[in-house]
Amino acid sequence: MNTGSDEAADPAAGVEEDASGAKPLGSRAPGFIQERRALHLSWQVGVFVVGLAVVGAGIVMLPLPGPGWLVIFGGMAIWATEFVWAQLVLRWTKRKVTEATQRALDPRVRRRNIILTTVGLVIIAVLVAVYVWKFGLEMPWKIKQ
């Protein structure tokens, strides 16, 4: 609500979008935390530590079972609640994913992907058929000579 005063709007009142439709960069901490420097600094440290733990868990999940990239992006989203650099990285990532999605939905690209998938499946089927014809259904370590 604009009262005509020169004071900044309450940051906890809601996040407004800029002309491009994106949320403005900066801290999303509640207003009472942003007003106190020591509390805001400890808030930032806490957000950084939690985000680091989530990103670290995602990195561990890359070679191990688990949704590694999804967890890493979740940690980036946690960092983006407080740090401008993480907000910029997240915006860039969202833009690239959206562009890739649009390219994948292009009919020519879809047709090419379907053709390549079909060719790959045919090659795999031929290799399996040759293996079964030559060795039967026995596994290689059980073949008797």
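The rules behind the values
- Residues numbered from 1 in each chain as written.
- Predicted model: local features only at pLDDT ≥ 70, side-chain atom pairs only at ≥ 80, totals over all residues.
- Heavy atoms only, no water.
- Core = buried A, V, L, I, M, F, W, Y, C linked by side-chain atoms within 4.5 Å.
- Buried < 20%, exposed > 50% of the residue type's maximum accessible area, 1.4 Å probe, protein only.
- Helix = DSSP H or I, 4+ residues; strand = E, 2+ residues; numbered from the N terminus.
- Contact = heavy atoms within 4.5 Å.
- Salt bridge = Lys/Arg side-chain N within 4 Å of Asp/Glu carboxyl O.

## Regarding the nonpolar core
Argument step 1. Core analysis: the biggest nonpolar cluster contains eight residues, these being V47, V55, M76, W79, A80, F83, A86 and L90.
Argument step 2. For this core, the elements supplying multiple residues, two or more each, are α2 (37-61), α3 (68-80) and α4 (84-104).
Argument step 3. Among residues more than four places away in sequence, those in contact with A86 are M76, W79 and A80.

## Section: the pattern of salt bridges
Argument step 1. Counted by the stated rule, this structure contains two salt bridges.
Argument step 2. The residue K96 makes a salt bridge to E99 at a minimum N-O spacing of 3.7 Å. One end of the pair is K96 and the other is E99, both in helix α4 and three residues apart, which spans about a single turn.
Argument step 3. A salt bridge links D106 to R108, with the shortest nitrogen-to-oxygen separation between them at 3.6 Å.
Argument step 4. Looking at D106, the relative accessible area reads 24%, which means it is partly exposed.
Argument step 5. Accessibility expressed as a relative area gives 60% for R108, which makes it exposed.

Function cannot be inferred from these measures alone, as they are strictly geometric.
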